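Chains, contacts and geometry: an overview
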Number of protein chains: 2
Amino acid sequence: MTQIPSLQNLPRTSALLCLEVERFCLRQLGLTRGSHLVVAISGGADSTALALILSLLAPRLDLHLSALSINHGLRPEAEDDASHAQAVCHALGIQCSVRKADVKGFAAKHHMGEEEAGRSIRYSLLEKERLTQHAHFIALGHHREDLSEDVLLRLIRGAGWPSLGGMPARDDKRHLLRPLLTCCPDDLKQLLMQCELSWHEDASNQSTQYRRNRLRLQVLPLLRAENPALDRSMGHMWQLAGMDRDYWEKLLNDALLAHPWQEIKQEQKECPATGKSILLPRSLLRALHPAARLRLYMRAVQHLCAGGLPSADAATSALPQPAPSSQGRASTLLALDEALMQGRGNSRFQLPGGFEAYLKGGAITFSQPVS
Amino acid sequence: MTQIPSLQNLPRTSALLCLEVERFCLRQLGLTRGSHLVVAISGGADSTALALILSLLAPRLDLHLSALSINHGLRPEAEDDASHAQAVCHALGIQCSVRKADVKGFAAKHHMGEEEAGRSIRYSLLEKERLTQHAHFIALGHHREDLSEDVLLRLIRGAGWPSLGGMPARDDKRHLLRPLLTCCPDDLKQLLMQCELSWHEDASNQSTQYRRNRLRLQVLPLLRAENPALDRSMGHMWQLAGMDRDYWEKLLNDALLAHPWQEIKQEQKECPATGKSILLPRSLLRALHPAARLRLYMRAVQHLCAGGLPSADAATSALPQPAPSSQGRASTLLALDEALMQGRGNSRFQLPGGFEAYLKGGAITFSQPVS
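Every chain is numbered independently, its residues counted from 1 as its sequence is written. The order in which chains are written sets their letters, starting at A; the order in which ligands are written sets their numbers, starting at 1. Owing to the predicted nature of the model, reporting of local features is limited to residues with pLDDT of at least 70; listing and counting of side-chain atom pairs is limited to 80 or more, with chain, interface and lining totals taken over all residues. To obtain the side-chain values, all non-hydrogen atoms of the structure were used and water was disregarded.

To be explicit about the condition: UniProt positions are given in the numbering used here, feature names are shortened, and annotations may be inferred rather than shown by experiment.
For chain A, an unreviewed UniProt entry supplies the name tRNA(Ile)-lysidine synthase and the organism Desulfovibrio intestinalis. The heading Sequence similarities (unreviewed entry) in the UniProt record of chain A holds the text "Belongs to the tRNA(Ile)-lysidine synthase family."

Encoded structure:
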């Protein structure tokens, strides 16, 4: 590996790219000086560029960096990728660990697809590394074309708004930062070439076995043919969604301060497990517009999810469980709200993931499934 | 044409479909008994089904129906389509007028594409017919797959939320109703077959010359392969968007009651035309969350648009002008809001369509282009 140029010695366009990421980190991510980040590095272009840019910004932002490369063991070249990632990190002066993940075994054990299992283990190992290193955040290399893919994935799954706007750049619950989320991937590759840093192309990115790849390879090119500025457009949508996320969070926080929900732990007589419930009082529901009520229902369900469905594997329990699929949930919550408006009593609504909503006397109780 | 069965004599599934449309008209569209509607009928399946269903519901809802068929003169079979539409309306007991539209001439004169010109003349002729007939609304045959196309079109154009959720089912400014917006088109065709009503397939629907067709023929099948319930999912998204539209409208109405904007008519000394401006006072802008401010900017621009850009043709002036493309607008409004937050003064921002925003002393003035 060659000597990495400093920010001052980079060509102008690449230096500007780094400064844009710095601005994004300070303004949008609220990154504070002295932060310690674990960089998730696969050896691909995006994460290599992430490690490079953060190492160039580290002296300016007083960042403390370490890195983790995960060998998923799914491809014959996985060991090479991990060695390459370590070599890059060495050149950048970042200490890099490597962990092996048994994706196939995990997928078989938990009856999930390899794509989902891979993601689950990946985030779990990254979180473990963050805790071991006493780091504040995990830094991920997602860029604006990943964001467009994510918007389409969410559209297909039937996500609501602002979730439809795409993945957040900062996720405090999961300790994730995405410093490159508004960057164009071609600019990242150009930077790598200018710094003479190589990367490994992941052949599985071309496989149409995975939905994300099918969207990237088949659908997005058709949409970009209609609007060449599609990714920039989606970036603006993402920004507007972020404002709305903040708005609704604050509105619900204020409403819950005035009319708190009640968390109830139900002791099960026949069964040692305890199920948790959240009761939304009549006064709270009456104080809110339907647009706010629907989001309150979502928050209650997500709170029950995050509160910890019993996990089958300690490796995944370090992270909050994802909320159950939005597919089918919107329709049930809309039906629930209509029943509330009609003043119906004693009605039960089954939500995906085994959750239940019980409407009685103008109040609604959401309950966790009891395993 | 055969005798049309009554609602009571229809097979159960088709009778239920009609009753669902009735429910949708009463609950979602707020259609009042005694309304007079002009049905836009092309002779295709969707508008034929619309005429049929409305004629079946007319006695129950005390509807007064008339119809208009527009011959766009673009296809050799256009005259046949219009005659067929008239025959269908005759069988349904609906009086149907036919108007000819010179789409090619209009497109050439106004330097627009045939798709846009066709839409512009169509809505203009429908609105003229509505006024002639003293009707309350124009009824359009859009169904839930049209809604999915519309969502994609809006995603490509870079629409914000709730606009991204798709076309409204009721548009009071343009006097439009879409009673079939949650219906599945296959169900509509089945109903037509059960009533032995034929329809004409529009060959131009298969042409990939138009963006809408490319999305329908090339993109939506790929998305439906990922989620066969995609259209239902988008229907829920549309419903949630409607709630949000209502929420933001009320919120801005309340804010504008407390801190009204000022409309200013600027007399131009050198030029006989007058340009209109809207001043958003500092007190109003300070009272709002960024999510609400962005929507206030949009409302100001739309108000200036609707206030009547001078129209080159009387045929299009009956309808409010569409707001300028959202492409490029979101980024400018985001930059404007950032400048406001930073307390910048004396800054001008150019918006698509020739509109301008001028920031000074914490207030913002939006101005119409002067022709």
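The rest of the description comes next.
1. A short note on the overall build of chain A
Test applied: Strands are runs of DSSP state E lasting at least 2 residues, helices are runs of H or I lasting at least 4, and numbering of each runs from the N terminus. Put simply, the radius of gyration uses C-alpha atoms, and a globule should come to 2.2 Å times the residue count raised to 0.38. Exposure is judged per residue with a 1.4 Å probe applied to protein chains only, and the accessible area is read against the type maximum: over 50% gives exposed, under 20% gives buried, and values in between give partly exposed. By definition, residues are in contact when any of their heavy atoms lie within 4.5 Å. The accessible surface values rely on the Shrake-Rupley method and a 1.4 Å probe; as for residues, cover is taken only from the protein chains in view. Positive charges come from Lys and Arg, negative ones from Asp and Glu, while His and the chain ends are left out of the count. We put the charge of a Lys on NZ, of an Arg on CZ, of an Asp on CG and of a Glu on CD.
Counting secondary structure elements, chain A contains 13 helices and 11 strands. Scaling as 2.2 N^0.38, a compact globule of 371 residues should have a C-alpha radius of gyration of about 21 Å, and chain A matches this with 23 Å. The C-alpha extent of chain A, read off along each of the three principal axes, is 70 × 40 × 40 Å. Expressed as a percentage of its 371 residues, the buried residues of chain A come to 51%. Contacts in chain A between residues at least 24 apart in sequence constitute 70% of all its contacts with a sequence separation of at least 6. Element-wise, carbon and sulfur atoms account for 50% of the exposed surface of chain A, whose accessible area totals about 16700 Å². Here chain A holds 42 positive side-chain charges and 38 negative ones, and the gap between their average locations is 7 Å.

2. Some points on the sheet that holds strand β6 (residues 176–177) of chain B
All names here are of chain B. Selection rule: Strands are treated as partners if at least two bridges between them are detected by DSSP. Axes here refer to lines fitted to C-alpha atoms; in helices the fit is confined to the stretch in contact. Angles between the N-to-C directions go from 0 to 180 degrees.
If you walk across this open sheet you meet the 6 strands as β3-β2-β1-β4-β6-β5, and the pairing is mixed. The open sheet has two edge strands with one neighbour each: β3 (95–100) and β5 (170–171). Looking at chain direction, strand β2 (residues 64–71) and β3 are connected through 6 bridges and run parallel. Across the sheet, Ser-69 pairs through a bridge with Val-98, a residue of β3. The strands touched by helix α2 (residues 45–61) within the sheet are β1 (36–40), β2 and β4 (137–139), with β1 carrying the most contacts at an inclination of about 155°.

3. Structural notes on the environment of Leu-240 of chain A
With respect to the secondary-structure elements, Leu-240 of chain A resides in helix α9 (residues 230–258). In this structure the C-alpha to C-alpha distance between Leu-240 of chain A and Gly-165 of chain A, which are 75 residues apart in sequence, comes to 7.9 Å. Once you skip the residues sitting within four places of it in the chain, Leu-240 of chain A turns out to touch Trp-161 of chain A together with Gly-160, Leu-294, Ala-330 and Leu-334 of chain B.

4. A word on the pattern of salt bridges
Residue and element names in this part refer to chain B. Here is the rule: The rule for a salt bridge is simple: a side-chain nitrogen of Lys or Arg has to be within 4 Å of a carboxyl oxygen of Asp or Glu.
Per the stated rule, a full pass over the model turns up 36 salt bridges over all chains. Between Lys-250 and Asp-246 there is a salt bridge whose closest N-O contact spans 3.0 Å. You can see Lys-250 and its partner Asp-246 sitting in helix α9 (residues 230–258), 4 residues apart, about one turn around the helix. Residue Lys-250 is classed as partly exposed on the basis of its relative accessible area of 45%. Between Glu-356 and Arg-348 there is a salt bridge; the shortest N-O distance is 2.9 Å.

5. A look at the pairing of strand β11 (residues 363–367) of chain A
Residue and element names in this part refer to chain A. Among the 5 residues that make up β11, 5 are buried, leaving the element largely enclosed by the rest of the structure. In β11, alternate side chains face the same way, and those of Ala-363, Thr-365 and Ser-367 on one face and Ile-364 and Phe-366 on the other are all buried. Two strands pair when backbone bridges link them, and strand β10 (residues 356–360) and β11 are joined in this way by 5 bridges, in the antiparallel orientation. Following the sheet pairing, Lys-360 is matched in β11 by Ala-363. Connecting β10 to the antiparallel partner β11 that follows it, the hairpin turn spans 2 residues, and Gly-361 within it adopts a positive phi of roughly 60°.

6. Quick notes on the relation of the copies chain A and chain B
Let me state the cut-off plainly: When the copies are superposed, the least-squares fit takes in the C-alpha atoms of residues with a pLDDT of at least 70 in both.
After a rotation of 180° and a shift along the axis of 0.0 Å, chain A superposes on chain B with an RMSD of 0.0 Å. The superposition of one copy onto the other is thereby described by a two-fold rotation axis. Taking C-alpha positions as reference, the residue of chain A nearest the rotation axis is Val-219 of chain A, located at 3.2 Å. Comparing interface residues between copies, 100% of those in chain A also sit at the interface in chain B, which points to an isologous, same-surface contact.

7. With respect to the sheet that holds strand β1 (residues 36–40) of chain A
All names here are of chain A. Taken together, the 6 strands give an open sheet; going across it, the order is β3-β2-β1-β4-β6-β5, and neighbouring strands pair in mixed fashion. Both outer strands of the open sheet, β3 (95–100) and β5 (170–171), are each paired with one neighbouring strand and no more. In this structure, strand β4 (residues 137–139) lies alongside strand β6 (residues 176–177), joined through 2 bridges in parallel fashion. Within the sheet, the bridge partner assigned to Ala-139 lies in β6 and is Leu-177. The strands that helix α2 (residues 45–61) touches are β1, β2 (64–71) and β4; relative to β1, the one it contacts most, it runs at about 155°.

8. A look at the interface of chain A and chain B
Reports of interface size often rely on the accessible area that becomes lost once the parts have come together. What counts here: Summed over both partners, the accessible surface that disappears when two parts come together, traced with a 1.4 Å probe, is what is meant by buried area. Pairing of N or O atoms within 3.5 Å defines a polar contact, subject to two protein rules: one partner must be a possible hydrogen donor and the other a possible acceptor, and residues neighboring in sequence count only if both atoms are side-chain atoms.
Residue-level contacts link 48 residues of chain A with 48 residues of chain B. Both sides of the chain A and chain B interface together cover about 3900 Å² of buried area, and 67% of this is carbon and sulfur. Taken as a group, Leu-155, Glu-226 and Tyr-247 of chain A account for 17% of the area that chain A buries against chain B, more than any other trio of residues on that side. At the boundary of chain A with chain B, the tally comes to 10 salt bridges. Arg-23 of chain A is paired through a salt bridge with Glu-338 of chain B; the nearest N and O atoms lie 3.3 Å apart. Counting across the interface, chain A meets chain B through 15 residue pairs in polar contact (both at pLDDT 80 or more).

9. A look at the packing of aromatic side chains
In plain terms, the rule: Ring pairs are drawn from Phe, Tyr and Trp, using the six-membered ring of Trp, whenever the two centres fall within 6.5 Å, and their geometry is named by plane angle: stacked under 30 degrees, edge-to-face over 60, tilted for the rest. The criterion is that NZ of a Lys, or CZ of an Arg, lies within 6 Å of the ring centre and within 35 degrees of the ring normal, and then a charge sits over that ring.
Overall, the coordinates contain 11 aromatic pairs over all chains when judged by the stated rule. Relative to Tyr-247 of chain B, the ring of Trp-248 of chain A lies with its centre 4.8 Å away and its plane at 50°, an arrangement referred to as tilted. Residue Trp-248 of chain A is located in helix α9, and its partner Tyr-247 of chain B is located in helix α9; the two belong to separate chains. Note on accessibility: Trp-248 of chain A and Tyr-247 of chain B belong to one class, buried. A centroid spacing of 5.8 Å and a plane angle of 45° characterise the contact between Tyr-297 of chain B and Phe-366 of chain B, whose relative ring orientation is tilted. Of this pair, Tyr-297 of chain B sits in helix α11 (residues 290–306) while Phe-366 of chain B is found in strand β11 (residues 363–367), placing the two residues 69 residues apart along the sequence. Judged on exposure class, the residue Tyr-297 of chain B and its partner Phe-366 of chain B are both buried. A network of ring pairs unites the aromatic residues Tyr-247 and Trp-248 of chain A together with Tyr-247 and Trp-248 of chain B as a single cluster. Geometry around Tyr-123 of chain B places Arg-174 of chain B over its ring, the cationic atom sitting 4.9 Å from the centre.

10. What about the packing of helix α6 (residues 144–157) of chain A against α9 of chain B?
Selection rule: Roughly parallel here means an angle under 35 degrees, roughly antiparallel means over 145, roughly perpendicular means 65 to 115, and every remaining angle is called oblique.
Put simply, α6 of chain A and α9 of chain B touch, their axes get as near as 8 Å, and they point 95° apart. The orientation of α6 of chain A with respect to α9 of chain B, classified from their angle, is roughly perpendicular. Counting all contacts with α6 of chain A, which are made through Leu-155, Ile-156 and Arg-157 of chain A, the residues of α9 of chain B involved are Leu-230, Ser-233, Met-234 and Met-237 of chain B.

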